[in-house]
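As a plain string of letters, each chain reads:
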Amino acid sequence: MTDHTRRKLLQYAGTTTAIGFAGCLNGFTGSNGSGDAIRARYIGQESQADWLEEQSDAFAEETGIEVEHEFLTWADVPDSQVTNIQSGTGPDVDHIASTFLPQQASADGWVDLSELDAPLPELDGFFDQVTDIMEYQGAVHGIPWFWGPRGYLEYDPLIEQAGIDGQPDDWDDLVEQGQAFRAEFPDRHLYAMMGVSWELPRAFITFLWQNGGQVADEETNEILFDSTEGVEALNFWKDLIVEDDVMPTQIAEWGVDEFDGALINEDVGAIMQDLSPVDQFVEQGMADRSDFTIGQLPAGPTGDRSTFFGMEGLGIRPWSDKQEEAAEWISWLAQPETNAAFADRIGLLPTVEAAFDHSEFDDELSQTLHDDVLPHARHYPMIPGLSEVEGELAGTIGQWLEEVVTGEWEDGRSAELLDEAAGVAQQLVDQAQEG
């Protein structure tokens, strides 16, 4: 896309799944079900219904445009959104999950915003990585809403008690600091990465990237994560758990609450995470924000410090007869102050770079995250069948981790599992491309 096309967007401030038909919607809230209202749908954000109502009330007062809000659970998304695309019915504004974007874009499920004559925020006001995701196959499918890159989040008092000075610069430093930490605290561990659900493939590919590997080739759609670099990445992760005692075996059972709680309870000294646990820690009266440091992840052998991010956006469906009004609502939510407020409420990060100038992110930790961590944020390659590939990786890495923590892992097992997963993933990609 040319710079001219990108700038056409500014006139305002600034897991692919098998096709299914069993749509499941949770009812509307809001503007009395008026047929003249915009219908906007969000995934997993029902807890923010009141805030969204407040915003749409203010929006209606300023523009005269009413908005109805609808909410989906993540479990409902595949069937509901695919069914809507097939039938050409559903909301005007819809929530874009980045891993679902390739299939939905290929099915003409989104308006190309670069061709829409409507008020939309300029993409240059967003972080480059998130606009790269939305600019898929030559079209702009949506506006980035929030994202979640992770850094090396450390509780300084515990680290200082262990006699450790500064965060680990690379993988070797991570091992050395982990062993020094265990020498001081034999019942604790220095570091943890979450080991359940969708966090499994994201932890793996973070190590993969840092080791110089790739998930797939975006040009040829060839799966590449079963490379030597991928096997080495898995084996390094294994060694952090079973050889070097840097990570606890319990990560295989920790969901978000247990994972964040491990830092809050001082079972570990640092985690790969955003800033969401910090406020929980502070609210308990046990720490101050100045007790934490967030920095880049330790570099791999190639010097790479990549950190995975997931991202959500907002787009307009092609069947909408209120596309200009829908664009105005998306633009409202993309204002820096609004984007900052929403991201802060849900514990993730704003996609509008100027949002970091607002009070919610105007602190040392947030600014360090912005300056040092976000430049290294990366997303999966945008290939057909992406969410199914992620699902295959989640299952494979989950099986691998279970074998590691139970002592069932054997030499060659990492390569065997990755090879099997890559074969299945390639079939999924090929099928999605044909479909």
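Summary of the structure given here. A quick note: this is a predicted structure, and the numbers were derived from the prediction, not measured.

## Here we look at the packing of helix α9 (residues 228-242) against helix α15 (residues 386-405)
Packing of α9 against α15 leaves a shortest axis separation of 10 Å and a crossing angle of 35°. For the element pair α9 and α15, the recorded crossing hand is right-handed. Of α15, the residues touching α9 (which contributes L234, W237, K238, I241 and V242) are I397, W400, L401, V404 and V405.

## Points about the sheet that holds strand β9 (residues 189-192)
One open sheet accounts for four strands, arranged β9-β10-β8-β11; its pairing is mixed. Only two strands of the sheet have a single partner each, and these edge strands are β9 and β11 (292-295). Taken pair by pair, the neighbouring strands of this sheet meet at an average axis angle of 15°, ignoring direction. Here β9 runs beside strand β10 (residues 268-273); their pairing, made up of three bridges, is parallel. If you follow Y191 over to β10, its bridge partner there is A270.

## Describing the pattern of salt bridges
Counted according to the given criterion, the structure contains 15 salt bridges. Residue D94 pairs with R41 through a salt bridge whose shortest N-O separation is 2.6 Å. Taken together, the positions of D94 in strand β4 (residues 93-97) and R41 in strand β2 (residues 38-43) put the pair 53 residues apart, joining distant regions of the chain. Judged by relative accessible area, D94 falls into the buried class, the value being 0%. Under the relative-accessibility criterion, R41 is labelled buried at 0%.

## Description of the packing of aromatic side chains
Enumeration according to the criterion identifies 24 aromatic pairs in this entry. Grouped by ring-pair contacts, the aromatic residues Y42, W51, F71, W145, F146 and F342 constitute a single cluster. Over the ring of W409 we find K238; its NZ or CZ atom is 4.5 Å from the centre of that ring. Over the ring of W110 we find R317, and its NZ or CZ is 3.6 Å from the ring centre.

## Section: unusual backbone geometry
The phi torsion at S197 lies on the positive side, around 50°, for a residue other than glycine. Checked against the element boundaries, S197 lands in the loop between β9 and α8 (199-210).

## Observations regarding the nonpolar core
Ranked by internal contacts, the top residues of the largest apolar core, which has 130 residues, are Y191, F204, F225, W237 and W329. Two domains each provide a minimum of three residues to this core, namely domain 1 (38-149 + 310-377) and domain 2 (151-309 + 381-434). Discounting residues that sit within four places of it in the chain, Y191 has contacts with Y152, L174, V246, M247, P248, A270, I271, M272 and L297. In terms of nonpolar packing, the next biggest core, distinct from the first, is built from five residues, I43, L72, V77 and F100 among them.

## A look at empty space enclosed by the protein
Space inside the largest cavity adds up to approximately 50 Å³. Together, W171, L174, Y191, M193, T206, F207, Q210, L297 and P298 line the largest cavity. At the level of elements, α7 (171-184) and α8 are the ones that each hand at least two residues to the lining of the largest cavity. The element that contributes the greatest number of residues to the lining of the largest cavity is α8, accounting for three residues. Across the lining of the largest cavity, the residue classes break down as seven nonpolar, two polar and no charged.

Rules of the game
- Residues numbered from 1 in each chain as written.
- Predicted model: local features only at pLDDT ≥ 70, side-chain atom pairs only at ≥ 80, totals over all residues.
- Heavy atoms only, no water.
- Axes fitted to C-alpha atoms, helices over the stretch in contact; angles between N-to-C directions.
- Helix = DSSP H or I, 4+ residues; strand = E, 2+ residues; numbered from the N terminus.
- Left-handed = near helix turned anticlockwise from the far one by under 90°.
- Contact = heavy atoms within 4.5 Å.
- Pairing = 2+ DSSP bridges.
- Salt bridge = Lys/Arg side-chain N within 4 Å of Asp/Glu carboxyl O.
- Buried < 20%, exposed > 50% of the residue type's maximum accessible area, 1.4 Å probe, protein only.
- Phe/Tyr/Trp six-rings, centres within 6.5 Å; stacked < 30°, edge-to-face > 60°.
- Lys NZ or Arg CZ within 6 Å of the ring centre and 35° of its normal.
- Core = buried A, V, L, I, M, F, W, Y, C linked by side-chain atoms within 4.5 Å.
- Domains from an automatic or database assignment.
- 1 Å grid on protein atoms, 1.4 Å probe; cavity = no way out; pocket = protein on both sides within 12 Å on 5 of 7 lines; lining within 4 Å.
- Points joined across faces, edges and corners; volume = space filled by probe spheres on them.
- Nonpolar A, V, L, I, M, F, W, Y, C, P; charged D, E, K, R; others polar.

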